[in-house]
Amino acid sequence: MTTRRVLVNGAGGFIGSHLVKRLKREGAWVRGVDLKRPEFSPTEADEFIVGDLREPEVVRAAVDGVEHVYQLAADMGGAGYIFTGEHDAGVMHNSAMINLNTLEFGRLAGVRRFFYSSSACIYPEHNQLDPDDPDCEESSAYPAAPDSEYGWEKLFSERLYGAYMRNHGVEVRVARYHNIFGPEGTWRGGKEKAPAALCRKVAEAADGDAIEIWGDGEQTRSFLYIDECVEATRRLMESDFTGPVNVGSDEMVTINDLARLAAEIAGKQITLEHIEGPLGVRGRNSHNALIEQELGWRPAAPLRAGLQTTYEWIAEQVAAATTST
Ligand code: NAD
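Residues numbered from 1 in each chain as written. Predicted model: local features only at pLDDT ≥ 70, side-chain atom pairs only at ≥ 80, totals over all residues. Heavy atoms only, no water.

In this section: the sheet that holds strand β4 (residues 68-71). Taken in spatial order, the seven strands line up as β3-β2-β1-β4-β5-β6-β11 in an open sheet, and their pairing is parallel. Only two strands of the sheet have a single partner each, and these edge strands are β3 (47-50) and β11 (245-247). Averaged over all adjacent pairs, the angle separating strand axes in this sheet is 20°, with direction ignored. Here β4 pairs with strand β5 (residues 113-119) via four bridges, running parallel. Within β5, the position partnered with Tyr70 by the bridge is Phe115. (Pairing = 2+ DSSP bridges. Helix = DSSP H or I, 4+ residues; strand = E, 2+ residues; numbered from the N terminus. Axes fitted to C-alpha atoms, helices over the stretch in contact; angles between N-to-C directions.)

And the structure:
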């Protein structure tokens, strides 16, 4: 059997760096590309290009000689990054350029299959107003009304991959990720997401302290542990199913519940102080019927297990940052 040659765009990021490790364990030859190397551990890629995927020359070099491309690179962050409006032009321009270049230069170079990481942020805001019953079934994406420019760019790019599949005969696999979290994810600096931010706040707090929560904390979400995300991604890529399909957990919790769970894991008494902040939709949960039917996949472990591992990792980062300052 020949070794498959694979490109991971965004290999310096959270999901990309974990995916590279998994692909290496499976025996693939992996090239990674990113603006930066992974922050928390050395890359396991056979070749790593530090480069900007908005630049055609970088993309031409990246796609040369590979069969499969995982396109994870995007200009993105948590609610504090994508819902304030300050980054809208960059988010749309940068991510669209990456997708346009990857598809065009990829197909010209003979890439056979592309994986594209879309997002739950493509779903219409009006279906996510009820925190107890949000509708994120794949078929509910249209008529489209995402609540952020980040979501609109993802939807545009989903369609772009679909168009290349129809007009240029390339194979595509599209996943809509729902809030992925775990060790070696961004945990400070403004781009971190709720699980990492709450774990950091709890780790930094003393027993009996209060931590700040954006909004009333009753907004609901579900969170998928990184290893589960990588497993679903690999299954989708190896399957005949093109998607788009949700890759997420259907264990829905409020942000207050998530904070309490982090405090319980830490063994600390923490009170929650609700402040104004960017929020996103009122409710969101992954609808997993399609992925169960097509790929036989569902998350293997509960939220608590992944949050425990993530909390421990973030607590170590917080301790190391405190001693180094
Ligand atoms: P991340 O920010 O950690 O990784 C994205 C990587 O893309 C970063 O390392 C960044 O440097 C790189 N990048 C950005 N612009 C680039 C450019 N011009 N050239 C080269 N590299 C560039 O994010 P992540 O959490 O690993 O997410 C991976 C993908 O999954 C993204 O497309 C994201 O939109 C999607 N997604 C993630 C989540 C989640 O919860 N993490 C949810 C939905 C969708």
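What follows covers the pattern of salt bridges. Applying the stated criterion across every chain yields a total of 23 salt bridges. With a shortest N-O distance of 2.8 Å, Arg31 and Glu47 are connected by a salt bridge. Of this pair, Arg31 sits in strand β2 (residues 29-34) while Glu47 is found in strand β3, placing the two residues 16 residues apart along the sequence. Look at the salt bridges and you will find they share partners, linking Arg4, Arg22, Glu26, Glu231, Arg234, Arg235 and Glu238 into a network. (Salt bridge = Lys/Arg side-chain N within 4 Å of Asp/Glu carboxyl O.)

With twelve residues, helix α8 (residues 255-266) ought to run about 16 Å at 1.5 Å a step, and its terminal C-alpha atoms sit 17 Å apart, in line with that. Among the residues making up α8, those that are buried are Ile255, Asn256, Leu258, Ala259, Leu261, Ala262, Ala263 and Ile265. Looking at the packing, one finds that the buried side of α8 touches α6 (194-204), β8 (210-214), β9 (220-221), β12 (253-254), β13 (271-275) and α10 (303-324). One or two steps after α8, the chain reaches Gly267, where phi turns positive at roughly 70°. (Expected span 1.5 Å × (residues − 1). Buried < 20%, exposed > 50% of the residue type's maximum accessible area, 1.4 Å probe, protein only. Contact = heavy atoms within 4.5 Å.)

On to the domain arrangement of the chain. Here the chain is partitioned into domain 1 (5-180 + 224-247) and domain 2 (183-222 + 251-279 + 302-316). The C-alpha-based centres of domain 1 and domain 2 are spaced at 26 Å. For the pair domain 1 and domain 2, the summed buried surface comes to about 1,700 Å²; carbon and sulfur atoms form 59% of the total. Of all residues in domain 1, Phe40, Asn179 and Tyr225 bury the most surface against domain 2, accounting for 32% of the area lost on that side. The partner of Lys21 in a salt bridge is Glu184, with the nearest N and O atoms 3.3 Å apart. (Domains from an automatic or database assignment. Buried area = accessible area lost by both parts, 1.4 Å probe.)

Turning to the site of the ligand, a few remarks are in order. Near the ligand, the surroundings consist of 26 residues, among which Ile15, Asp34, Asp52, Tyr150 and Ile180 are the closest. Within the backbone of Ala74, one N or O atom sits 3.4 Å away from an oxygen atom of the ligand. Within the side chain of Lys193, a nitrogen or oxygen atom sits 2.9 Å from a nitrogen atom of the ligand. The protein chains hide 92% of the 820 Å² of surface that the ligand would expose on its own. Counting only elements with at least two residues in the shell around the ligand, the list comes to α1 (14-25), β5 and α5 (149-168). Considering each element in turn, the shell around the ligand owes the most residues, three residues, to β5. (Near = heavy atom within 4 Å. Polar contact = N/O pair within 3.5 Å; in protein donor to acceptor, adjacent residues only side chain to side chain. Areas by Shrake-Rupley, 256 points an atom, 1.4 Å probe, with all protein chains shown as cover.)

With that out of the way, let us pick up the nonpolar core. Counting residues in each nonpolar core, the largest one holds 59 residues, and the members touching the most others are Val8 and Tyr177. Residue assignment places this core across two domains, with domain 1 (5-180 + 224-247) and domain 2 (183-222 + 251-279 + 302-316) each supplying three or more. Once you skip the residues sitting within four places of it in the chain, Val8 turns out to touch Gly16, Leu19, Val20, Leu23, Val30, Arg31, Gly32, Val33, Tyr70 and Leu72. Counting residues in each nonpolar core, the second largest holds 22 residues, with Val66, Val69, Ile98 and Tyr164 among its members. (Core = buried A, V, L, I, M, F, W, Y, C linked by side-chain atoms within 4.5 Å.)

Our next topic: the environment of Phe115. With respect to the helices and strands, the residue Phe115 is situated in strand β5. Looking at Phe115, the relative accessible area reads 0%, which means it is buried. Setting aside residues up to four positions removed in sequence, Phe115 forms contacts with Val69, Tyr70, Gln71, Leu72, Arg173, Ala175, Tyr177, Thr233, Leu236 and Met237.

The next point concerns empty space enclosed by the protein. Rolling a probe over the atoms, with the probe sized like a water molecule, indicates the empty space that remains. Counted according to the given criterion, the structure contains one cavity of 30 Å³ or more. Within this model, the largest cavity holds a volume of roughly 30 Å³. Around the largest cavity, the lining residues are Ala11, Ser17, Val20, Lys21, Pro38, Ser41, Pro42, Thr43 and Glu44. Considering only residue class, the lining of the largest cavity consists of four nonpolar, three polar and two charged. (1 Å grid on protein atoms, 1.4 Å probe; cavity = no way out; pocket = protein on both sides within 12 Å on 5 of 7 lines; lining within 4 Å. Points joined across faces, edges and corners; volume = space filled by probe spheres on them. Nonpolar A, V, L, I, M, F, W, Y, C, P; charged D, E, K, R; others polar.)

When its volume is computed, the second largest pocket comes out at roughly 250 Å³. Taken together, 14 residues form the lining of the second largest pocket, with Glu158, Arg159, Gly162, Gly243 and Pro244 sitting closest to its centre. Elements supplying a minimum of two residues to the lining of the second largest pocket: α5 and β6 (171-177). Looking at the lining of the second largest pocket element by element, the count peaks at five residues for α5.

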